[in-house]
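# A closer look at the structure
Residue strings, one per chain:
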Amino acid sequence: MNLFEYQGKRLYQDFSIPTPKSIFVSSISEITDNHGLTYPVVVKAQVQVGGRGKAGGIKVAKDFDELIKFSGEILGMDIKGHIVESLLLEEASDILEEYYISFTLDRSAKSYLMMLSAKGGMDIEEVAEKNPDDLIMLHISPSKGLDSETIIKSIEDAKLNESYKAELSDVISNLYKLFVEGDCDLVEVNPLAITDNGVSALDSKVSLDMNAIYRHENFKDFENEIPIPVSEQFAKEKNLNFIKLEGSVGIIGNGAGLVMSTLDVVSEHGGMAANFLDIGGGAKAETVTAALEVLESEDNVKSVLINIFGGITRCDLVANGIVEATKGKELKWPIIVRLDGTNSKEGLSILEQNTNEKITISSSMDEAAKLAVEGAI
Amino acid sequence: MSIFIDNETKVVVQGLTGEQGKFHALRNRDYGTKVVAGTRPGKGGESVEGIPIFNTVEEAVEATGANTAMTFVPPPFAKDAVLEAGYAGCDLIVCITEGIPAKDEAEMYDLLKEKTSSRLLGPNCPGLISPGKSNVGIMPHEITMEGNVGVVSRSGTLTYQAVLELTNLNIGQSTCIGIGGDPVPGTSFIDVLDAFQNDSQTEAIVMIGEIGGSAEEEAAEFIKKNVTKPVVSYIAGLTAPPGKKMGHAGAIVSGNKGTASAKIEALTDAGANVVENPTRIGQAIKDVV
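In short, a report on the structure. (Residues numbered from 1 in each chain as written. Chains lettered and ligands numbered in written order. Predicted model: local features only at pLDDT ≥ 70, side-chain atom pairs only at ≥ 80, totals over all residues. Heavy atoms only, no water.)

### Topic: the overall build of chain B
Formally: Counting from the N terminus, the helices are the DSSP runs of H or I reaching at least four residues and the strands are the DSSP runs of E reaching at least two. Here the radius of gyration uses the C-alpha set of atoms, whereas the globule reference equals 2.2 Å times the residue count to the power 0.38. Each residue is placed in one exposure class: buried if its accessible area under a 1.4 Å probe, protein chains only, is under 20% of its type's maximum, exposed if it is over 50%, and partly exposed if it falls in between.
The number of helices and strands found in chain B is nine helices and 14 strands. Whereas a compact globule of 289 residues would reach a radius of gyration of roughly 19 Å, chain B reaches 18 Å, a difference of no more than 12%. Its C-alpha atoms give chain B principal-axis dimensions of about 55 × 40 × 30 Å. Relative to its 289 residues, chain B shows a buried fraction of 63%.

Right, here's the structure in full:
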């Protein structure tokens, strides 16, 4: 889960990574004259999209009047389809130098990767492409971690300002600590600046590994602060993996790979999926019932394809869920069901005992997709 | 021969007393898999349908000669369970558990590699089956048949789909294996391709990938250099909209990297026959064997 800048900076503060003094607001009325910040103050749109500065989402206010004016302009602004709903008001820094640093997991190497560069404040992919020597890439063993000698050597290799070596070393060590202990998929600071106040993380890009939510109380709080489309809200409450798409064939399946390939097969038959909905592994009857409820509130759905290949998921439980959701109901659209794998015989017999004229059972994925596409016309 | 598991495989189930663990362990045993032990701290001495329970894997290995662990332990305890199986000397650890934090996966992979000679399959995978010999995992064996095609996939349910397409055309499988879609899979496409290439029973290979990451591109590179057996491939997610995360930690497309077309191109270039629809896998294999 990608965090907003202000959320990432809260984590920085938790891990003693210096950031400029700031306040977070989501309306003009929250901004009063006694905010305690020293001018100039930077007004920063909180959106999860790059290039907000160029789009006018960052402005420097020299006094309270400007602060109110700029905040009013930026709140509600549409930046590449993202509406600005909140702002970070931050004391401006006198920047002497700008660096880049990030920690992430390198899947191919199966180890952590630190990237460090003295060329911060710009697009790091461009640096990597044009001046690869300016980017230090250091793999870190997940079981051994990052020691201070390695950090010092990286600072030297990256040719960062050596007068700040001790301070930079602390910040890098704490960023690594946040990456590991904080269960982050990504921690990126661009720029990590040398300012008149010392080292400071001027921006934050943090992504959390939601599999680790059970050991971090603050993950839930962060999640609640991130707006999600209304259509995805209900699915989320039901723990379903739902993504709205543009087509008319509603899709319910188990396993991301199978659902993605169902989208592909529907497309091959000339249809378009209305959504991606993965009920996950080991789904119970109520999961399937909830999945059908989610699709009911989707106007673009004209037919529904349920494509289940049981492994850890049991087809009899899936069938019970379908019956539960449809029994005695006037269905809005035809449902094509394909069940294979674990307990599919039991599942199919449950469906046969509870016939519904709008439900068709199909014996193959290909045929089921074809029927669903036809049903959506 | 088959790869990784055969008639000699003896399985200890970590989490045998849980609902999922019990259901699948018994199903595997009914299929003929030698499920010799289960573990559950504090329940040593008890048994589940005749399968003895031990407090630790080490005890189970000592008493039963188990050489393979199958793990259903919940995410918060999975790392320790996998390491325990590794330190107890299991040759193969099949971790079914879904939802393990990436940090735990990275650390566990690192430690297993450094301190043991165990092979980890998964986590978040359906396991593997060598039809007619052994089933270690959650794959529905009804759809498999013994034969000469090796199947490897990142996705669980899509593996089943591919296997069914083969069986429907009367084409049997040597081993079907799901490596899982998590960020740090213990066994990679390359590991499996290498094993299939060296396995005398396997005559052709089905490899199923999906969008996101670069595992398929790396596999393509390996195929080009090292695999002489025919490879049929399918990549899920050709029509997935870019920038959306479709469930698997692995299935993210950003920019051009990891797109279905990039992967298809790499595999085609490596000599694989890439089909655009999983239901064509069977016919494509039939054409080469």
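Once you've had a look at it, read on.
### Looking at the interface of chain A and chain B
Rules: We call two residues in contact whenever any of their non-hydrogen atoms come within 4.5 Å of each other. The term buried area refers to how much accessible surface (probe radius 1.4 Å) is lost by two components on association, counted for both of them together. Salt bridges are defined by distance alone: a side-chain nitrogen of Lys or Arg within 4 Å of a carboxyl oxygen of Asp or Glu.
Counting residues at the interface gives 50 residues for chain A and 60 residues for chain B. Of all residues in chain A, R107, K110 and M260 of chain A bury the most surface against chain B, accounting for 17% of the area lost on that side. In this structure, R215 of chain A engages D104 of chain B in a salt bridge whose closest nitrogen and oxygen atoms are separated by 3.0 Å. Among the elements of the structure, α5 (165-181), β10 (184-195), β13 (241-244), α8 (256-268), β16 (303-310), β17 (335-341) and α12 (365-375) of chain A are those that each provide at least two residues to the side of chain A that touches chain B. By residue number, the principal contributor to the side of chain A that touches chain B is α8 of chain A, which donates ten residues.

### A few points about the sheet that holds strand β3 (residues 47-48) of chain B
Residues and elements named next belong to chain B. Put simply, the test is: DSSP bridges decide pairing: two strands pair if at least two such bridges lie between them. Here an angle of 0 to 180 degrees is reported between the N-to-C directions of two axes, which are lines fitted to C-alpha atoms, with helices fitted over the stretch in contact.
The mixed open sheet is built from seven strands, whose spatial order is β3-β4-β2-β1-β5-β6-β7. If you trace the sheet from one side to the other, it starts and ends with β3 and β7 (119-121), each paired once. With four bridges connecting them, strand β1 (residues 10-14) and strand β5 (residues 68-71) associate as parallel partners. By the bridge assignment for β5, V13 is matched with M70. Relative to the sheet, helix α3 (residues 75-87) contacts β1, β5, β6 (92-95) and β7, its axis offset from that of β6 by approximately 165°.

### Here's the deal with the packing of aromatic side chains
Residue and element names in this part refer to chain A. The following threshold applies: In this scheme Phe, Tyr and Trp rings, the latter by its six-membered ring, pair at centre separations within 6.5 Å, and the angle between planes marks the pair as stacked below 30 degrees, edge-to-face above 60, and tilted otherwise.
Considering all chains together, one arrives at eight aromatic pairs over all chains under this definition. Taken together, a centroid distance of 3.7 Å and an interplanar angle of 20° make the contact between Y6 and F24 stacked. Taken together, the residues Y6 in helix α1 (residues 5-14) and F24 in strand β1 (residues 22-25) connect sequence positions 18 residues apart. Judged by its relative accessible area of 30%, F24 falls in the partly exposed class. Ring centres of Y112 and F179 lie 5.2 Å apart, and the angle between their planes is 90°; on these two criteria the pair is classed as edge-to-face. Remark: F179 occurs in helix α5 and Y112 occurs in strand β8 (residues 111-117); sequence separation between them is 67 residues. Classification of Y112 by relative accessible area gives buried; the value is 1%.

### Side note on the sheet that holds β1 of chain A
All names here are of chain A. One open sheet holds the four strands; their spatial order is β1-β6-β2-β3, and the pairing between them is antiparallel. Two strands lie at the open edges of the sheet, namely β1 and β3 (58-61), each paired on one side alone. Taking each pair of neighbouring strands and ignoring which way they run, the sheet shows an average axis angle of 20°. The strands touched by helix α2 (residues 64-74) within the sheet are β2 (41-45), β3 and β6 (87-91), with β3 carrying the most contacts at an inclination of about 165°.

### A look at the packing of helix α7 (residues 215-226) of chain B against helix α8 (residues 260-269) of chain B
All names here are of chain B. Put simply, the rule is: Oblique is the label for any angle not under 35 degrees, not over 145, and not in the 65 to 115 range, which are roughly parallel, roughly antiparallel and roughly perpendicular in turn. Throughout this entry, Asp, Glu, Lys and Arg are counted as charged residues, while Ala, Val, Leu, Ile, Met, Phe, Trp, Tyr, Cys and Pro are counted as nonpolar. The remaining residues, Gly among them, count as polar.
For the pair α7 and α8, interaxial distance at closest approach is 8 Å and the crossing angle is 5°. Accordingly, the angle class assigned to the pair α7 and α8 is roughly parallel. Between α7 and α8, the contacting residues are A215, E216, E217, A220, I223 and K224 on the first element and A262, K263, A266, L267 and D269 on the second. Its residues placed into classes, the contact of α7 with α8 shows six nonpolar, no polar and five charged.

### Here's the deal with the packing of α8 of chain A against α12 of chain A
Residues and elements named next belong to chain A. The cut-off we apply is this: Two helices cross in a left-handed way if the nearer one is turned anticlockwise from the farther one by less than a right angle. They cross in a right-handed way if the turn is clockwise.
Following both chains from N to C, one finds α8 and α12 inclined at 60°, their axes separated by 9 Å at the closest point. Between α8 and α12, the angle is such that the two are oblique. Regarding α8 and α12, the two cross each other, and that crossing is right-handed. Contacts between α8 and α12 involve L258, S261, T262, V265 and V266 on the former and, on the latter, M365, D366, A369 and V373. Residue composition of the contact of α8 with α12, grouped by class: six nonpolar, two polar and one charged.

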